[in-house]
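Descriptive analysis of the structure
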Amino acid sequence: MSFRGLLRKCSQLMRLGVSYKCGFTRHFLPTPFLFMVEPTNRCNFACRFCFHSDSERKKQSREFGFMDVRDYRKILREIALLRPMKRHVVLSLGGEPCLHPELATFISIANQQGFRPIFASNGRLMTPERVDELVVAGCWGVMIDFASVPAVFENHRGGKGD
């Protein structure tokens, strides 16, 4: 390493040390731009490609269930402490978020705390009433997976398509 390179490295380390001392770490250490929260690990499909559908994994994995609203609030508070520059919260990881009876509440809480809630869904439970409920709650974005041919859908998703 050249002397100039060494000097630049020392300068960066000093600024980083000062930023820690003064609490300015977000200017030097970027926070994640996306936070994923799993409201449920349950799903209404049995997709061949999904780890939740793997029978061997199911034997070893955690119990299926729904996240409590209090735990969700706590997670958002902890994320807020990071002072992220972007505040996107994805409410899906492996389960179908629309199965959670409090999904609209989760979305509403995220909005109240300044987050942008989005989620991915297989779309099966997206009735007009459910969509209205999520819109009123302030849903910022939804990703819905589609398959164009019923036979392909049924083969990959393990269920009957509409």
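Refer to the structure presented above.
Below is a short write-up of the structure. This is a predicted model, so every value here is computed, not measured.

The next point concerns helix 3 (residues 69–81). End to end, helix 3 covers 19 Å across 13 residues, agreeing with the expected 18 Å (1.5 Å per residue, within 8%). Listing the buried residues of helix 3 in full gives Val-69, Tyr-72, Leu-76 and Ile-79. Angularly, the buried residues of helix 3 cover 80 degrees about the axis, an arc narrow enough to put them on a single face. Exposed residues lying more than 90 degrees from the buried face of helix 3 are Arg-70 and Leu-81. Directly after helix 3, the chain includes Arg-83, whose backbone phi takes a positive value near 50 degrees.

The strand order 1-2-3-4 describes an open sheet built from 4 strands, whose pairing is parallel. At either margin of the open sheet sits one strand with a lone partner, and together these are strand 1 (34–36) and strand 4 (141–144). Geometrically, the sheet is characterised by an average inter-axis angle of 20 degrees between neighbouring strands, direction not taken into account. Two strands pair when backbone bridges link them, and strand 2 (residues 88–90) and strand 3 (residues 116–121) are joined in this way by 3 bridges, in the parallel orientation. Paired with Val-90 across the two strands is Ile-118, which belongs to strand 3.

Time to look at the nonpolar core. Core analysis: the largest hydrophobic core is formed by 21 residues, its most contacted members being Tyr-72, Leu-76, Leu-91 and Phe-119. Every element with two or more residues in this core is listed here: helix 3, helix 4 (103–112) and helix 5 (128–137). Ranked by residue count, the leading element in this core is helix 4, at 6 residues.

Here we take up the environment of Lys-86. Structurally, Lys-86 is set in the loop between helix 3 and strand 2. In this structure the C-alpha to C-alpha distance between Lys-86 and Phe-115, which are 29 residues apart in sequence, comes to 8.3 Å.

Restricting attention to buried positions, one finds in helix 5 the residues Arg-130, Leu-134 and Ala-137. Down the axis of helix 5, the buried set is contained in an arc of 60 degrees. They therefore lie on one face. In helix 5, the exposed positions that point more than 90 degrees away from the buried face belong to Pro-128, Glu-129, Asp-132, Val-135 and Val-136. Packed against the buried residues of helix 5 are helix 4 and strand 3. A positive phi of about 100 degrees marks Gly-138, the residue just after helix 5.

In the classification by handedness, the crossover that spans strand 2, the intervening helix 4 and the parallel strand 3 is right-handed. By the bridge criterion, 4 bridges tie strand 3 to strand 4 in an arrangement that is parallel. Paired with Ser-121 across the two strands is Ile-144, which belongs to strand 4. Regarding the hand of the β-α-β motif, the stretch spanning strand 3, helix 5 and strand 4 is right-handed.

Cut-offs applied
- Residues numbered from 1 in each chain as written.
- Predicted model: local features only at pLDDT ≥ 70, side-chain atom pairs only at ≥ 80, totals over all residues.
- Heavy atoms only, no water.
- Helix = DSSP H or I, 4+ residues; strand = E, 2+ residues; numbered from the N terminus.
- Expected span 1.5 Å × (residues − 1).
- Buried < 20%, exposed > 50% of the residue type's maximum accessible area, 1.4 Å probe, protein only.
- Arc of directions from axis to C-beta.
- Pairing = 2+ DSSP bridges.
- Axes fitted to C-alpha atoms, helices over the stretch in contact; angles between N-to-C directions.
- Core = buried A, V, L, I, M, F, W, Y, C linked by side-chain atoms within 4.5 Å.
- Contact = heavy atoms within 4.5 Å.
- Right-handed = clockwise from strand over helix to strand, strands pointing away.

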